[in-house]
Amino acid sequence: MPYEKRVKDLMIPLEDYPHIPYWFTLRQAMAIVREAAIKFEGSFEPRAVLVFDEKYQLMGILTLRDIIRGLEPRFLHETSLVKGDPSLAVLMGDLFGPGLKEASQKPVSEVMSPIKATVQGSDLVAKAIFLMIKENVGMMPVIQDNKVAGMVRLSDLFKEISELVLGE
């Protein structure tokens, strides 16, 4: 019997997935992620936040990596300071210093990542797996009726595949 499960069967609905407007600050985004982690403890832990414009059009995705990069852009460059201090003690002092709260006021639109791929809710799970591997992403927005309906994550697709392979 062929596998017929659709992406919508495995997605996290948009109302359950953290999402914010593009003008939110990194600090506000961090609060949303923490709130979602508490709310959905045991079911899923958000690793990203969807970012929308005023018309609720998807603009991008803000990953945990994007947030940290936005707070401390010096981690992006291997400087002589990093080479001279391989333990990163000096940078860590700066990271947890007074500039951290100031950097957290940056709008998410400055550091969010573009959406690399989307999938339709009616698509077969195999298509979502193919796109995630091809685009090297761990999650994708799910589109239904030309609107974002939710998110599908590679971890959920892996769980589905492992159940098929292992027969659980």
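Residues numbered from 1 in each chain as written. Predicted model: local features only at pLDDT ≥ 70, side-chain atom pairs only at ≥ 80, totals over all residues. Heavy atoms only, no water.

Before going further, it helps to spend a moment on helix α8 (residues 154-166). Since the α-helix packs 3.6 residues into each turn, any two residues three or four apart lie on the same face. Counted at 1.5 Å a residue, the expected span for α8 with its 13 residues is 18 Å, and the 18 Å between its end C-alpha atoms agrees. For α8, the full list of buried residues reads D156, L157, E160 and S162. The secondary structure elements touched by the buried residues of α8 are α1 (7-10), β1 (12-13), α7 (125-135) and β7 (147-153). Trailing α8 by a residue or two, G167 shows a phi angle of about 70 degrees, which is positive. (Helix = DSSP H or I, 4+ residues; strand = E, 2+ residues; numbered from the N terminus. Expected span 1.5 Å × (residues − 1). Buried < 20%, exposed > 50% of the residue type's maximum accessible area, 1.4 Å probe, protein only. Contact = heavy atoms within 4.5 Å.)

The next subject is the layout of surface pockets. Its boundaries defined by the atoms lining it, the largest pocket holds a volume of some 440 Å³. Lining the largest pocket are 17 residues, and of these I61, T63, S113, V137 and G138 lie nearest its centre. (1 Å grid on protein atoms, 1.4 Å probe; cavity = no way out; pocket = protein on both sides within 12 Å on 5 of 7 lines; lining within 4 Å. Points joined across faces, edges and corners; volume = space filled by probe spheres on them.)

Now for the nonpolar core. Ranked by internal contacts, the top residues of the largest apolar core, which has 15 residues, are V119, M140, V152 and L157. At the level of secondary structure, the elements contributing two or more residues to this core comprise α1, α7, β6 (139-144) and β7. Element by element, the count of residues in this core is highest for α7, at four residues. Every residue in contact with L157, bar those within four places of it in the chain, is listed here: L10, V125, A128, I129, M132 and V152. F24, V49, V51 and A103 belong to the second-largest nonpolar core, a separate cluster that totals 14 residues. (Core = buried A, V, L, I, M, F, W, Y, C linked by side-chain atoms within 4.5 Å.)

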